[in-house]
Every structure is written in structure tokens, then in C-alpha cells.
Amino acid sequence: MLRSKLKRDDGLKGSRASATASDSSRRVSVRDRLLVKEVAELEANLPCTCKVHFPDPIKLHYFQLTVTPDEGYYQGGKFQFETEVPDAYNMVPPKVKCLTRIWHPNITETGEICLSLLREHSIDGTGWAPTRTLKDVVWGLNSLFTDLLNFDDPLNIEAAEHHLRDKEDFRNKVEDYIKRYAR
């Protein structure tokens, strides 16, 4: 596991007489060091509506998130997200995509997500900053189904206009998508 790689790397620091190719291949990136700490914090502080899955427990930079909202329009749905943490993390945000087709003003049907903290550069100052963590990302994604659901600044304009035009029909389309794609 990555934690054992970190310990092995720490043990090598003091006993390096000469740097060899095999030593440098054992070095752990800044990203991976941060992820060991952040993943532990994330797992200890997950919202009750979220589950995190690491397909490969050695690769903490790639994980899947399942959000199962327990209130609002999306209640009863199971929404899958894929998160990839780039090498330049934490200077740049993770890349997140919604894998579940959804009718949502802030998520396109192809999975693009409008969430300010996932923006590398943000005019309003709410974008990514090195002080943010994976926990912030997961809580932000979870909130897209409740208090951050934003019809005023949509990415999926058609869904936002649909809500504005006919809230009941919007709800019906959301429920149809849940039945088809989010079970």
C-alpha cells in the first residue's frame, strides 16, 4: 500500500550514501503524500449520503464517489462520479466527471460539472486553492443535490430553463432519469 511506500521512503532518507536509480523510483510524490493524509480525513468525515471506492487501493489519485441524495429532486437516485487527482495537486483541482446521466442545471448530460471549487481560476474567489482538500470536493459534489443546486448560474441551460418554465415537468424528467440511469 501507499502508506508502506511512504514509510520505506522515510527510512531511506537517512541512510542514503548515494542516490541510485532504484531509490528514486521509490520516492513518493508530494501529491501522494498529501493524498494519504487527505483520504484518511475524507473517509472519517464522509457525508452519510456518500460512499468512496478506490478500484486500486495503491492508486489514491483515482477514486469513484457515489452520492445517494436523501432529500430533494434527486432523492432515490444513485449518482456515480469519477475523480482523478493530477500530479500537480494541490496547486490544481482534481478532475471530476459525473458518470451517471442526469437532468441537472449544474451537471451536463455528458458529465461535466459546474462547481466553483473545481475551477482552477475563478473570478469570484471561490475556485480552487491549495488549502482545499478532497473532503471539500466530496462535500461540494454532495451539496449539488441540495443547497448548491443552482438554477441561476447553470451549466445545463436547458435543464434550468425547464425548471423555470414548468417545475412539475422538471421533477418528472428528473424522476424519469433516476429510473432509467441512477438505480
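The shown structure was predicted, so the numbers you read here are calculated from the model rather than taken from an experiment.

Rules and cut-offs
- Residues numbered from 1 in each chain as written.
- Predicted model: local features only at pLDDT ≥ 70, side-chain atom pairs only at ≥ 80, totals over all residues.
- Heavy atoms only, no water.
- Phe/Tyr/Trp six-rings, centres within 6.5 Å; stacked < 30°, edge-to-face > 60°.
- Helix = DSSP H or I, 4+ residues; strand = E, 2+ residues; numbered from the N terminus.
- Buried < 20%, exposed > 50% of the residue type's maximum accessible area, 1.4 Å probe, protein only.
- UniProt positions renumbered as here; feature names shortened; annotations may be inferred.
- Contact = heavy atoms within 4.5 Å.
- Salt bridge = Lys/Arg side-chain N within 4 Å of Asp/Glu carboxyl O.

A. Expanded view of the packing of aromatic side chains. Counted according to the given criterion, the structure contains 12 aromatic pairs. Measuring from centroid to centroid gives 4.9 Å for Phe 79 and Phe 145, while their planes differ by 25 degrees, and the two rings are stacked. Here the residue Phe 79 occupies a position in strand 3 (residues 79-84), and Phe 145 occupies one in the loop between helix 4 (134-143) and helix 5 (157-165), the gap between them amounting to 66 residues. The class for Phe 145 is buried, based on a relative accessible area of 2%. When the ring of Tyr 89 is compared with that of Trp 128, the centres are 5.7 Å apart and the planes differ by 45 degrees; the resulting orientation is tilted. One end of the pair, Tyr 89, is in the loop between strand 3 and strand 4 (95-98); the other, Trp 128, is in the loop between strand 4 and helix 4, with 39 residues separating them in the sequence. Residue classification places Tyr 89 among the buried residues on the basis of a relative accessible area of 3%. Here Trp 128 falls in the buried class, since its relative accessible area comes to 8%.

B. Quick look at the UniProt feature "active site" (unreviewed entry) in the protein chain. Under the local residue numbering, the UniProt record ascribes the feature "active site" (unreviewed entry) to Cys 114. Counting through the fold element by element, Cys 114 comes out in the loop between strand 4 and helix 4. Residue classification places Cys 114 among the buried residues on the basis of a relative accessible area of 18%. The contact partners of Cys 114, leaving out residues within four places of it in the chain, are Asn 106, Arg 119, Leu 144, Asp 153 and Leu 155.

C. A look at the pattern of salt bridges. Inspection of the entire model under this criterion finds 5 salt bridges. Where Arg 180 meets Asp 176, a salt bridge forms, and the shortest distance between an N and an O atom there is 3.3 Å. With Arg 180 and Asp 176 both in helix 6 (residues 167-181), this residue pair falls 4 residues apart, about one helical turn. When its relative accessible area of 55% is taken as the criterion, Arg 180 is described as exposed.

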